[in-house]
Number of protein chains: 2
Amino acid sequence: MSLSHIELPADMSAPDAGGCLATREILDRIGDKWSLYIVAMLANGPWRFNELKRGIDGISQRMLTLTLRGLERDGLVTRTMYPTIPPRVDYELTDMGRTLLKPVMALVNWANENQVAIAEAHKRFDDEPEPDQVLIQGVVYQRR
Amino acid sequence: MSLSHIELPADMSAPDAGGCLATREILDRIGDKWSLYIVAMLANGPWRFNELKRGIDGISQRMLTLTLRGLERDGLVTRTMYPTIPPRVDYELTDMGRTLLKPVMALVNWANENQVAIAEAHKRFDDEPEPDQVLIQGVVYQRR
DNA sequence: CCGTATCCCCGAGGATACTG
DNA sequence: CAGTATCCTCGGGGATACGG
């Protein structure tokens, strides 16, 4: 599916050949469990490795390293090593990384603004009892 | 970590007690592999189950069902069943779902606009050879 | 057509220990 | 401090078959 042509229903059913699936790969990356949090935290960067680790609740050292490498590879984050003892490494958003900030924060803000409404929707959905019978084409089906 | 207070570094290291982690749960959901695609496709909704299935490349019946249920539970999508034969079910964004559209599409558009730059960054990153020695505090370390 | 129920696999990711 | 390396688990998600 080509999200770039989402406004063209005809395009939806086409097999996803060509460069269109690059969009998906990118969304899969920046939409993954940790990238959004790292990018959001680097909004106030630069931060050192362990500052990021402490700041992002629940992230393991391994995943922080891997995700930072991915973001660096994407050209979204720079890694600056200071050859001091003990070593110090700063991570910072690149210019492209900063352009990502706006849509990311829009999503974060949406989540903040709607968390109460979503919690209420959950309650409504979960409390709703199953109907003990349904009517289809004038035929009654009893729940078992 | 509370993304709602991302602009407050002091808040970063606080343990994530309280309702703050709701934001994370929401982002984990709408940022998952399929939700963004479904929401994006429903921008031009309503769509029937199999239309969605055909439109979203690679999604299995199971994951389409599960993700739609999740979105319905979140109050983002409505499920309308027409008791005809064969049965027909339409999925459509709710008002809240439509408010999500704006930040989601912003992200999608960002991915589209930057896919070339990211591909170039990958090339640069991957082509860069490892240095065969590094200098730390005047001391040379040879690569092994 | 629109699902649910089962089985099963594979790899994302945590825990732990070790290095420059 | 800022990472690798290794092991291991646990559940996301595909494939398949069946039901209303």
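In this text the structure is predicted, and so the values were computed from the model without any measurement. (Residues numbered from 1 in each chain as written. Chains lettered and ligands numbered in written order. Predicted model: local features only at pLDDT ≥ 70, side-chain atom pairs only at ≥ 80, totals over all residues. Heavy atoms only, no water.)

J.: Looking at this structure, I do not really get the overall build of chain A. What am I missing?
T.: Scanning chain A from terminus to terminus reveals 6 helices and 5 strands. For chain A, with 144 residues in total, the buried portion stands at 41%. Counting contacts in chain A only where the partners sit at least 6 residues apart, residues at least 24 apart contribute 36% of the total. Per element, the accessible surface of chain A, about 8000 Å² overall, is 54% carbon and sulfur. (Helix = DSSP H or I, 4+ residues; strand = E, 2+ residues; numbered from the N terminus. Buried < 20%, exposed > 50% of the residue type's maximum accessible area, 1.4 Å probe, protein only. Contact = heavy atoms within 4.5 Å. Areas by Shrake-Rupley, 256 points an atom, 1.4 Å probe, with all protein chains shown as cover.)

J.: Even after reading the chapter, I still don't get the nonpolar core, so can you show me in this structure?
T.: Among soluble globular proteins, nonpolar side chains are generally buried collectively. Of all hydrophobic cores here, the largest spans 68 residues; its most connected members are Trp110(A) and Trp110(B). Among residues more than four places away in sequence, those in contact with Trp110(A) are Ile118(A), Ile26(B), Ile30(B), Leu76(B), Met96(B), Thr99(B), Leu100(B) and Pro103(B). (Core = buried A, V, L, I, M, F, W, Y, C linked by side-chain atoms within 4.5 Å.)

J.: Teacher, can you tell me more about the protein's contact with DNA strand D here?
T.: Near DNA strand D, the surroundings consist of 19 residues, among which Gln61(A), Arg79(A), Tyr91(A), Ser60(B) and Arg62(B) are the closest. Near-protein atoms of DNA strand D (within 4 Å) split between backbone and bases, with sugar and phosphate holding 68%. Contact distances for DNA strand D include 3.0 Å between a phosphate oxygen and a side-chain N or O atom of Arg48(A). Elements with a contribution of two residues or more to the surface near DNA strand D: helix H4 (49–55), helix H5 (61–73) and strand E3 (88–93) of chain A together with helix H5 (61–73) of chain B. Grouping the constituent residues of the surface near DNA strand D by class yields 8 nonpolar, 4 polar and 7 charged. (Near = heavy atom within 4 Å. Polar contact = N/O pair within 3.5 Å; in protein donor to acceptor, adjacent residues only side chain to side chain. Nonpolar A, V, L, I, M, F, W, Y, C, P; charged D, E, K, R; others polar.)

J.: Got a minute to help me understand the protein's contact with DNA strand C in this structure?
T.: For DNA strand C, the set of nearby residues contains 20 residues, the closest of which are Ser60(A), Arg62(A), Gln61(B), Arg79(B) and Tyr91(B). The contact atoms of DNA strand C, taken as those within 4 Å of the protein, divide so that sugar and phosphate hold 67%. A distance of 2.7 Å is found between a phosphate oxygen of DNA strand C and a side-chain nitrogen or oxygen belonging to Ser60(A). A distance of 2.5 Å separates a base nitrogen of DNA strand C from a polar side-chain atom of Gln61(B). Elements that contribute at least two residues to the surface near DNA strand C include exactly H5 of chain A together with helix H4 (49–55), H5 and strand E3 (88–93) of chain B. For the surface near DNA strand C, the element with the highest residue contribution is H5(B), accounting for 4 residues. Grouping the amino acids of the surface near DNA strand C by side-chain chemistry returns 9 nonpolar, 4 polar and 7 charged.

J.: What is the right way to look at H5(A) in this model?
T.: Residues that lie three or four places apart on an α-helix share one face, since the helix turns once every 3.6 residues. Residues and elements named next belong to chain A. In a regular helix each residue adds 1.5 Å, so 13 residues correspond to 18 Å; H5 covers 18 Å between its end C-alpha atoms and thus fits that length. Along H5, the residues classified as buried are Leu64, Thr67, Leu68, Gly70 and Leu71. In an axial view of H5, the angular spread of the buried residues amounts to 160 degrees, which keeps them on one side of the axis. Positive phi shows up at Gly75, right after H5, with a value of about 80 degrees. (Expected span 1.5 Å × (residues − 1). Arc of directions from axis to C-beta.)

J.: Explain the pairing of strand E2 (residues 77–82) of chain B here, please?
T.: Regular strands show a simple pattern: their side chains alternate between the two faces of the sheet. Residue and element names in this part refer to chain B. When E2 meets E3, the two strands line up antiparallel, connected through 6 bridges. Among the inter-strand pairings, Met81 is bridged to a residue of E3, identified as Val89. Linking E2 back to E3 in an antiparallel pair, the connection comprises 5 residues. (Pairing = 2+ DSSP bridges.)

J.: Is there a simple way to explain the confidence of the model for chain A in this structure?
T.: For chain A, per-residue confidence averages 81 on the pLDDT scale, and 74% of positions sit at 70 or higher. Low pLDDT, under 50, characterises residues 1–20 of chain A; the predicted model gives this stretch 34 contacts beyond four residues in sequence or across chains. (pLDDT = per-residue confidence, 0-100.)

J.: Can you walk me through the packing of helix H6 (residues 95–127) of chain A against H5(B) in this structure?
T.: Each pair of packed helices can be described by the angle between their axes along with the distance between the axes. Viewed as axis vectors pointing N to C, H6(A) and H5(B) meet at an angle of 115 degrees, and their least axial separation amounts to 8 Å. As summarised for this structure, H6(A) and H5(B) are arranged roughly perpendicular, according to the angle between their axes. Touching Ala121(A), His122(A), Phe125(A) and Asp126(A) of H6(A) are Arg69(B), Glu72(B) and Arg73(B), all from H5(B). A breakdown of the residues in the contact of H6(A) with H5(B) according to their chemical character gives 2 nonpolar, 1 polar and 4 charged. (Axes fitted to C-alpha atoms, helices over the stretch in contact; angles between N-to-C directions. Parallel < 35°, antiparallel > 145°, perpendicular 65-115°, else oblique.)

J.: Could you clarify how one ought to interpret the sheet that holds strand E1 (residues 47–48) of chain A in this entry?
T.: One key point about sheets: their strands pair by backbone hydrogen bonds, in either a parallel or an antiparallel sense. All names here are of chain A. Across the sheet, 3 strands lie side by side as E1-E3-E2; this open sheet has antiparallel pairing. Each end of this open sheet is capped by a strand with a single partner; those strands are E1 and strand E2 (77–82). Across the sheet, H5 lies against E2 and E3, angled at about 115 degrees from E2, the strand it touches most.

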